[in-house]
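Single-letter residue listing:
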Amino acid sequence: MSALTKAKGFKKSRSGLYVSMATSAFGAVGVYKQIKKARGDNDTLRLLDAVVTGAAVVTNLAILYRELKRLGDDDVLLG
């Protein structure tokens, strides 16, 4: 298996899913800061935007977790 093929399969590997989950978790930190600022400014529209974004982050994490469970022993990088 060539290095290019392995690199293309990284996103569907266990390691790739962990990286994606970590990226989403960092997104959750941004959502928290956005909510905190919107509440401090009493800005309902920004608060609503932050809540919707937070729901998207949670959904993304749930999907990634499901993919991680489905992956099982079929890890692309392990061959």
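None of these values were measured; they are calculated from a predicted model.

Caption draft 1: Helix H2 (residues 14–41), seen in detail. The first and last C-alpha atoms of H2 sit 41 Å apart over 28 residues, in line with the 40 Å expected at 1.5 Å per residue. Within the sequence span of H2, burial applies to Gly16, Leu17, Met21, Ser24, Val31 and Ala38. Here the buried face of H2 lies against helix H3 (44–71). Where H2 ends, the next residue or the one after it, asparagine 42, has phi of about 55 degrees, a positive value.

Caption draft 2: Quick peek at the packing of H2 against H3. At a minimum axis separation of 9 Å, H2 and H3 run at an interaxial angle of 165 degrees. In terms of their interaxial angle, H2 and H3 are classed as roughly antiparallel. For the crossing formed where H2 meets H3, the hand is left-handed. Residues that form the contact of H2 with H3 fall into these classes: 16 nonpolar, seven polar and five charged.

The rules behind these values
Residues numbered from 1 in each chain as written. Predicted model: local features only at pLDDT ≥ 70, side-chain atom pairs only at ≥ 80, totals over all residues. Heavy atoms only, no water. Helix = DSSP H or I, 4+ residues; strand = E, 2+ residues; numbered from the N terminus. Expected span 1.5 Å × (residues − 1). Buried < 20%, exposed > 50% of the residue type's maximum accessible area, 1.4 Å probe, protein only. Contact = heavy atoms within 4.5 Å. Axes fitted to C-alpha atoms, helices over the stretch in contact; angles between N-to-C directions. Parallel < 35°, antiparallel > 145°, perpendicular 65-115°, else oblique. Left-handed = near helix turned anticlockwise from the far one by under 90°. Nonpolar A, V, L, I, M, F, W, Y, C, P; charged D, E, K, R; others polar.

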